[in-house]
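Here's the letter readout for the chains.
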Amino acid sequence: MFRFDYHRATSLEDARAAFDAAEDGVFLAGGMTLIPTLKQRLAMPSDLVDLSGVEALRGITLEGDHVKIGAMVSHKDVAKSPNVRDAIPALAILAGDIGDPMVRARGTLGGSVANNDPAADYPGAVLGLGATIQTDRREILADDFFTAMFETALEDGELISSIRFPRPERAAYVKFHNPASRYAIAGVFVAQLGEKVRVAVTGAGPTVFRHREMEQALERTFAPDALEGIAVDAGPLNSDMHASADFRAHLVKVMAVRAVVQALK
Amino acid sequence: MALSINLTVNGEAVTKTVEPTCLLVDFLRDDLQLTGTHVGCDTSQCGACTIHLDGQPVKACTILAVQADGAEILTIEGLAPEGELHPMQAAFAQHHGLQCGFCTPGMVMTGIGIARQHPDADEATIRRELEGNLCRCTGYQNIVKAVAAGTRLMTDSES
């Protein structure tokens, strides 16, 4: 690792002050991506501002037909939360299948969403449910948030404080794991929200995206058969040592069908 | 800038000055000479570095020592302070849950976490919960048996 200074913030104001005072600061959430990145010398921040002591970023609350989850809530705590399991079981299942148990104990919702790894699971749920990202300065709709590979609408120094997920009529997330890393080679989050259906695809492209044709078909009939005949374009998808773009396109379709089956259970 | 940290390691209060770049696993191994916690892959895949932080199994290769300021740490050395094996260690010995032994400290620490969180763990649960621990010798059969037996021993001794 390149040298850096470390600060443990005790409040949002404290975190912002430490970030603003740093030459090239970076926020540390669970560290499950940032620390490996530092170890590989792929990043050279001057300062780490640890958010683990900021109470305002914790907690899971029911707000009417929404579930609000603090940015520093771990995947493990989302997975076992009675509120999440009751209101949005698909989100609890997704959180309980990220990485492995030790990673889930440290990794956080806010860290994962702010990082926007193309193979991360949470962006699928955030976009698939049409969640709202609350930052320290504004609200951002999921549709406006994920802009490109590892890029989001967050400005320099802007912090996610919580994410509000609407309770869907039904939803499911199904992914094809990379057998070694457990990352999604392709993952599809399907949600029915009133008359609307949202289908978010993660793992397959440079960033999470919605598949409008599948959404329209499922709005007409929410059934696996409705996806018959819909082709997934391999053109914009990722191709790497784990899977070709064509294979990913095939997987997206298979995962989408399985997600619809799962959502109907 | 080096920082002073206070934490509890295997029941003993520790105060040390560390560089922010120091990993928790290196702090345990190099500063405290607790070399039972192993560095396998150093990329948070293999789980050989698994320790308990405030009772929760975590991978010490992906945590900075400064993040553990104020925490309670338990390593493999803290399991049998009087020389009598912890039930999970005894189960690994009895069921031949190790061959070369490199992954064993992490397996045992994860196994104890499984027993605490899933006192009725069946084989499928144990296999799923061991996803973050890799063994290149045993093929996992005896590790799963050992964790199941260790879980029963721990549950019986606590009830």
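Residues numbered from 1 in each chain as written. Chains lettered and ligands numbered in written order. Predicted model: local features only at pLDDT ≥ 70, side-chain atom pairs only at ≥ 80, totals over all residues. Heavy atoms only, no water.

K.L.:
Please clarify how the overall build of chain A should be interpreted in this entry.
P.N.:
When its secondary structure is counted, chain A shows eleven helices and 14 strands. The C-alpha radius of gyration of chain A comes to 18 Å, within 12% of the 18 Å expected for a compact globule of 265 residues. Each of the three principal axes of chain A carries a C-alpha extent, and together these read 55 × 45 × 30 Å. Counting across all 265 residues of chain A, residues that qualify as buried make up 58%. Within chain A, contacts between residues at least 6 apart in sequence are counted, and of these 57% link residues at least 24 apart. One way to put it: in chain A the 28 positive side-chain charges average out to a point 6 Å from where the 35 negative ones average out. (Helix = DSSP H or I, 4+ residues; strand = E, 2+ residues; numbered from the N terminus. Rg over C-alpha atoms; globule rule 2.2 N^0.38 Å. Buried < 20%, exposed > 50% of the residue type's maximum accessible area, 1.4 Å probe, protein only. Contact = heavy atoms within 4.5 Å. Lys, Arg positive; Asp, Glu negative; His and termini not counted. Charge placed at Lys NZ, Arg CZ, Asp CG, Glu CD.)

K.L.:
When you look at the domain arrangement of chain A in this model, what are you seeing that I'm missing?
P.N.:
Accessible area lost upon the coming together of the parts serves often as the stated size of an interface. Domain boundaries assigned for chain A yield domain 1 (5-50), domain 2 (57-166) and domain 3 (170-264). Computed over C-alpha atoms, the centres of domain 1 of chain A and domain 3 of chain A are 34 Å apart. (Domains from an automatic or database assignment.)

K.L.:
What's the story with the sheet that holds strand 6 (residues 132-135) of chain A in this structure? I'm lost.
P.N.:
One key point about sheets: their strands pair by backbone hydrogen bonds, in either a parallel or an antiparallel sense. All names here are of chain A. The strand order 4-5-10-6-7 describes an open sheet built from five strands, whose pairing is antiparallel. Edge strands, defined here as strands with exactly one partner in the open sheet, are strand 4 (60-63) and strand 7 (139-141). When strand polarity is set aside, the average angle formed by the axes of neighbouring strands in this sheet is 25 degrees. Direction of pairing for strand 5 (residues 66-70) relative to strand 10 (residues 160-166): antiparallel, over a ladder of five bridges. Paired with His66 across the strands is Pro166, a residue of strand 10. (Pairing = 2+ DSSP bridges. Axes fitted to C-alpha atoms, helices over the stretch in contact; angles between N-to-C directions.)

K.L.:
Can you walk me through the UniProt feature "domain: FAD-binding PCMH-type" (unreviewed entry) in chain A in this structure?
P.N.:
If you check UniProt for "domain: FAD-binding PCMH-type" (unreviewed entry), the listed places come out as residues 1-170 of chain A in our numbering. As a span, residues 1-170 of chain A carries 35% helix and 24% strand, and end to end its C-alpha atoms are 45 Å apart. (UniProt positions renumbered as here; feature names shortened; annotations may be inferred.)

K.L.:
Would you take a moment to explain the sheet that holds strand 2 (residues 25-28) of chain A for this structure?
P.N.:
Residues and elements named next belong to chain A. Taken together, the three strands give an open sheet; going across it, the order is 1-3-2, and neighbouring strands pair in parallel fashion. Strands with a single pairing partner mark the edges of an open sheet, and in this sheet they are strand 1 (5-8) and strand 2. Averaged over all pairs of adjacent strands, the angle between strand axes in this sheet comes to 25 degrees, irrespective of strand direction. Direction of pairing for strand 2 relative to strand 3 (residues 47-50): parallel, over a ladder of four bridges.

K.L.:
What exactly am I supposed to notice about the interface of chain B and chain A here?
P.N.:
Contacts between the two partners involve 31 residues from chain B and, on the opposite side, 31 residues from chain A. For the pair chain B and chain A, the two sides together bury roughly 2300 Å², of which 54% comes from carbon and sulfur. At the boundary of chain B and chain A, one finds four salt bridges. In this structure, the salt-bridge partner of Glu19(B) is Arg3(A), at a minimum N-O distance of 3.6 Å. Every element with two or more residues in the side of chain B that touches chain A is listed here: strand 3 (50-53), strand 4 (56-59), helix 3 (104-117) and helix 4 (123-129) of chain B. When its residues are assigned to classes, the side of chain B that touches chain A shows twelve nonpolar, twelve polar and seven charged. (Buried area = accessible area lost by both parts, 1.4 Å probe. Salt bridge = Lys/Arg side-chain N within 4 Å of Asp/Glu carboxyl O. Nonpolar A, V, L, I, M, F, W, Y, C, P; charged D, E, K, R; others polar.)

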